Amino acid sequence: MLRDYVPLLLHIGVAIGFAVSALLMSVLLGKAGRRTRVKDTAYECGMVPQGETQPRFSVKFYLVAMLFILFDLEIVFMYPWAVVYKEMIVESKLVLWSMLSFVTILMIGYVYALKKGALDWKR
Amino acid sequence: MSPILFWLFAFVMLVFGAAVVINRNPIASALSLVVCFMGLSALFISLDAFFIGIIQVLVYAGAVMVLFLFIIMLLDLRVEERRKINLVAFVGGLAVAFALFVQICFVVDQLGAAKQAFPSLRAAKMDDVHNVGLLLFTNYNLPFQIIGVLVLVATIGVVVLSKRELR
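Residues numbered from 1 in each chain as written. Chains lettered and ligands numbered in written order. Predicted model: local features only at pLDDT ≥ 70, side-chain atom pairs only at ≥ 80, totals over all residues. Heavy atoms only, no water.

### Quick notes on the overall build of chain B
- Scanning chain B from terminus to terminus reveals seven helices and zero strands.
- Along its sequence from the N terminus, chain B presents helices and strands in the succession α-α-α-α-α-α-α.
- Expected size for 167 residues packed as a compact globule is a radius of gyration near 15 Å; at 21 Å, chain B overshoots this value by more than 25%.
- Overall, the C-alpha framework of chain B stretches about 55 × 50 × 25 Å when taken along its three principal axes.
- Taken across its 167 residues, chain B has 28% of its residues classed as buried.
- Contacts in chain B between residues at least 24 apart in sequence constitute 52% of all its contacts with a sequence separation of at least 6.
- In the structure as shown, chain B presents an accessible area of about 11,400 Å², 76% of it carried by carbon and sulfur atoms. (Helix = DSSP H or I, 4+ residues; strand = E, 2+ residues; numbered from the N terminus. Rg over C-alpha atoms; globule rule 2.2 N^0.38 Å. Buried < 20%, exposed > 50% of the residue type's maximum accessible area, 1.4 Å probe, protein only. Contact = heavy atoms within 4.5 Å. Areas by Shrake-Rupley, 256 points an atom, 1.4 Å probe, with all protein chains shown as cover.)

### Examining the nonpolar core
- Core analysis: the biggest nonpolar cluster contains 30 residues, and A:Leu67, A:Phe102, B:Phe137, B:Phe144 and B:Val158 have the highest contact counts within it.
- Elements that contribute at least two residues to this core include exactly helix H2 (60-89) and helix H3 (94-115) of chain A together with helix H3 (50-74), helix H6 (128-138) and helix H7 (141-161) of chain B.
- Per-element accounting of this core gives the leading share, 10 residues, to H2(A).
- Beyond its immediate chain neighbours, meaning those up to four positions away, A:Leu67 contacts A:Ala113, A:Leu119, B:Thr155 and B:Val158.
- Ranked by size, the runner-up nonpolar core spans seven residues in total, among them B:Ala30, B:Val34, B:Phe37 and B:Ile72. (Core = buried A, V, L, I, M, F, W, Y, C linked by side-chain atoms within 4.5 Å.)

### Structural notes on H6(B)
- For H6(B), every residue scored as buried is listed here: B:Asp128, B:Val129, B:His130, B:Gly133, B:Leu136 and B:Phe137.
- Tucked inside the fold, the buried residues of H6(B) contact H2 and H3 of chain A together with H3 and H7 of chain B.

### Concerning the domain arrangement of chain B
- Assigned domains within chain B: domain 1 (1-83), domain 2 (85-116) and domain 3 (125-167).
- A C-alpha centroid distance of 36 Å is found between domain 2 of chain B and domain 3 of chain B. (Domains from an automatic or database assignment.)

### Points about the interface of chain A and chain B
- Listed by partner, the interface residues are 49 residues for chain A and 47 residues for chain B.
- Carbon and sulfur atoms supply 74% of the area buried between chain A and chain B, which totals about 4,500 Å² over both sides.
- Along the contact surface separating chain A from chain B lie zero salt bridges.
- Counting the contacts that link chain A with chain B gives four residue pairs in polar contact (both at pLDDT 80 or more).
- In terms of residue count, H2(A) provides more of the side of chain A that touches chain B than any other element does, 21 residues in total.
- Looking at the side of chain A that touches chain B residue by residue, the classes come out as 33 nonpolar, seven polar and nine charged. (Buried area = accessible area lost by both parts, 1.4 Å probe. Salt bridge = Lys/Arg side-chain N within 4 Å of Asp/Glu carboxyl O. Polar contact = N/O pair within 3.5 Å; in protein donor to acceptor, adjacent residues only side chain to side chain. Nonpolar A, V, L, I, M, F, W, Y, C, P; charged D, E, K, R; others polar.)

### Observations concerning the domain arrangement of chain A
- Structurally, chain A comprises domain 1 (2-40) and domain 2 (59-115).
- In this structure, domain 1 of chain A and domain 2 of chain A have C-alpha centres spaced 40 Å apart.

### Some thoughts on the packing of aromatic side chains
- According to the stated counting rule, one finds nine aromatic pairs over all chains in the structure shown.
- Between A:Phe61 and B:Phe70, the ring centres sit 5.4 Å apart and the planes meet at 45 degrees, which makes this aromatic pair tilted. Of this pair, A:Phe61 sits in helix H2 while B:Phe70 sits in helix H3, on two different chains.
- An angle of 20 degrees between the planes, with centres 4.3 Å apart, marks the rings of A:Phe102 and B:Phe144 as stacked. Here B:Phe144 lies in helix H7 and A:Phe102 lies in helix H3, a pairing that spans two chains. (Phe/Tyr/Trp six-rings, centres within 6.5 Å; stacked < 30°, edge-to-face > 60°.)

### What to know about a nonpolar patch on the surface
Residue and element names in this part refer to chain A.
- Where nonpolar side chains cluster on the molecular surface, the patch consists of Leu8, Ile12, Ile16, Val20, Leu24, Met25, Leu28 and Leu29 and spans about 820 Å² of accessible area.
- Looking at the element boundaries, Leu8 is found in helix H1 (residues 6-29).
- Judged by its relative accessible area of 48%, Leu8 is partly exposed. (Patch = residues over 30% accessible without salt bridge, like charges linked within 9 Å, V, L, I, M, F, W, Y side chains within 5 Å.)

### Observations regarding the environment of A:Met25
All names here are of chain A.
- Here Met25 is to be found in helix H1.
- For Met25, a relative accessible area of 45% translates into the label partly exposed.
- Remark: the alpha-carbon pair of Met25 and Met99, spanning 74 residues in sequence, is separated by 54 Å.

### So, H3(A)
- With 22 residues, H3(A) should cover 32 Å at 1.5 Å per step; its first-to-last C-alpha distance of 31 Å lies within 8% of that length.
- Once H3(A) ends, the next one or two residues include A:Gly117, with phi positive near 75 degrees. (Expected span 1.5 Å × (residues − 1).)

### Points about the state of the cysteines
Residue and element names in this part refer to chain B.
- Taken as a whole, this structure holds zero disulfides over all chains when the rule is applied.
- Looking at the unpaired Cys36, the closest cysteine sulfur is the one in Cys105, lying at 20 Å.
- Taking the relative accessible area as the measure of exposure, Cys105 reaches 40% and is therefore partly exposed. (Disulfide = S-S within 2.5 Å.)

What follows is the structure in structure tokens.
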């Protein structure tokens, strides 16, 4: 069983090795000057930045991410459904109707979000 | 699976779980949490719970972390970096954590089941996604529909809470 995971191990090894070697080479071969507070600012030779450097983001990002998670959850339940569907549909139609009702319940939420303009980016 | 792998992944989880708390930069904390979730998923997979392992990566490391990163974007990061460590709170928190640890050790020591070695898992006849699906659509059909209502409530809730001037 463990032997199945050797390609995954190789993949992880290559990923970590690449990241470490790239960072290490840039430290070893690159030339680093002395770092000062002024040098770390965005425009070293320009004006001293004033006020907030970090812009506040719109709450729309949060809304989109949250809706993404909720519909992601819906898909999670579709995986086992798709696996057992062919086997269970022979016995009864229940498996079809239960998933249809689940999707219908979620569709109400989707239509609500759509009608409220929650997915409308411009507003 | 070999116990070495369990210890390895448990160690990775503990180190990155600690990194979540210790890091001053919230983005670095969030990314440490991703690695922590990966270790947890590896532990699930080593218990032959492949479905939960994959969901752990897809939903938690994928979707929930996106939400965390967006929330970090909404916050003012400078406040966290400027904040000084309160020594009294630090020592107090450490004491509470230590007391809890001692208590857990004490309870586990009293527990009879903790002393015996558990038998190794039997090889499954079916893959676990199959099992989950069969149970979900026969015995647990009503809870499944209730989850649908719960997600609906969450959908409406997030739209209402984050509204500014909705139609």
